[in-house]
Structures are given as C-alpha cells and as structure tokens.
Amino acid sequence: MYEVRYLKENEKNFFLEILYESIYIEEERKPSIEVLLYTNEFIKYHQDLGRKGDTVLVATDDQLGTPIGAVWYRLFSSEKRGYGYVDDYTPELGIALKKEARGKGLGNKLMRAIMEEAKNNNFRRLSLSVDIDNTNAINLYRRLGFVEVGGEGKSITMLSG
C-alpha cells in the first residue's frame, strides 16, 4: 500500500528528481537533471518552492517509507507562465511516479488527493500541460474530468471542471 502526505523540508532533492521525471522528453534526447531543471523553461517549477499557492503531496511505499511519486500545483502569473498556464488564479498541476510505481493506480490516488487539496484551499480548478504522446496520462486526466482547452506544439493544456 501507499501513504500520501505532504512533502517534507528535507525532501527537496526527491522533488527535483520527480519533477525531472515529469518532463516528457525521449530518454536519448533528455538533458541531465542538472542542465534541464535550471533552464529558463523549468527553473520556475521549483525555484522558491513552498511559496503561497504551492502544494506538494508525496506518495510513499508504506513498507519502506521511501517516496515513489508526487503530485503538486503552483500558481503562475501572466508574466511568468508555466506550460499549462490559463490564468493567475488557477494553479498548474504536475505529477510523476518512479517507473516501478506506475500502472498500479497510484497516479489516480495522487490526482484525487491533490484535487481535494485544491478544493480545500479554495481553488476552483487546476490546469496542466501534457505531451500529446503521453496517452496514459491524458486518459487518466480525462477520467478525472479534465478537458482540453488549448495547446502549443506537441503539448495540450487541460483544465479540471
């Protein structure tokens, strides 16, 4: 089984690893974590983590207690947009699981938990950006009520209802 809890202060490195995992780029073309996460496109996803409007939930293997996945949201502004930006009042969601944790229903559990968290924090909806080739993720998001509201290049922007 899995436990879902808030990210701990000492788990920033895990968050960076899982954020890197969430970026859908073919393995042979994907730059190293040290390069990719500090580009202008991606530093905004972790810089000053913990600011107002940020929430990170972590899934742990309850036998080992080790983090195996995470889901999070952040507010962005029109001046500093994320890939799934829709407006200044809608947090952008991200999710990733370690490879060995996929296909076991954990993504669904994390998504439901973050959607409930957003609701409890008075956010009416969440947005996200997903690569059009990531069909498993797109199907999960659709099952959870997300709809396509735009896109650019190989990414689509989806919004919860």
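The structure this text deals with has already been given above.
Residues numbered from 1 in each chain as written. Predicted model: local features only at pLDDT ≥ 70, side-chain atom pairs only at ≥ 80, totals over all residues. Heavy atoms only, no water.

Chemist: Sorry, what's going on with the pattern of salt bridges here?
Modeler: A full pass over the atoms with the stated rule returns eight salt bridges. A salt bridge links Lys99 to Glu21, with the shortest nitrogen-to-oxygen separation between them at 3.5 Å. Placement of Lys99 in the loop between β4 (92-97) and α3 (106-120) and of Glu21 in helix α1 (residues 12-22) is noted, with a sequence separation of 78 residues between them. Note that Arg125 is salt-bridged to Asp87, the shortest N-O span being 2.7 Å. Of this pair, Arg125 sits in the loop between α3 and β5 (127-131) while Asp87 is found in the loop between β3 (67-74) and β4, placing the two residues 38 residues apart along the sequence. A residue is classified by how much of its surface remains accessible, and Arg125, at 23% relative accessible area, is partly exposed. The class for Asp87 is buried, based on a relative accessible area of 19%. Residues participating in the shared-partner salt-bridge network are Glu21, Lys99 and Arg102. (Salt bridge = Lys/Arg side-chain N within 4 Å of Asp/Glu carboxyl O. Helix = DSSP H or I, 4+ residues; strand = E, 2+ residues; numbered from the N terminus. Buried < 20%, exposed > 50% of the residue type's maximum accessible area, 1.4 Å probe, protein only.)

Chemist: What am I meant to see in the pairing of β5 here?
Modeler: In terms of burial, β5 is largely enclosed, as four of its five residues are buried. As judged from the five bridges shared by β5 and strand β7 (residues 155-159), these two strands associate in the antiparallel manner. Considered in β7, the bridge of Asp131 is made with Ser155. (Pairing = 2+ DSSP bridges.)

Chemist: Is there a simple way to explain the nonpolar core in this structure?
Modeler: In globular proteins that are soluble, nonpolar side chains generally tend to be buried together. Membership of the largest hydrophobic core comes to 26 residues, with the highest contact counts inside it found for Val71, Leu93, Met111, Val130, Tyr141 and Phe146. Secondary-structure elements contributing two or more residues to this core are β2 (55-61), β3, β4, α3, β5, α4 (135-143) and β7. A total of five residues in this core trace back to one element, the largest contributor, which is α3. With 18 residues, the next largest nonpolar core counts Phe14, Leu16, Leu19 and Ala70 among its residues. (Core = buried A, V, L, I, M, F, W, Y, C linked by side-chain atoms within 4.5 Å.)

Chemist: Teacher, can you tell me more about unusual backbone geometry here?
Modeler: Trans peptide bonds make up the majority, and among non-glycine residues the majority have a negative phi. Despite not being glycine, Asp48 shows a phi value in the positive range, around 60 degrees. With respect to the helices and strands, the residue Asp48 is situated in the loop between α2 (33-36) and β2. Of note in this structure, Asn122 is not a glycine but carries a positive phi near 65 degrees. Considering the arrangement of structural elements, one finds Asn122 in the loop between α3 and β5.

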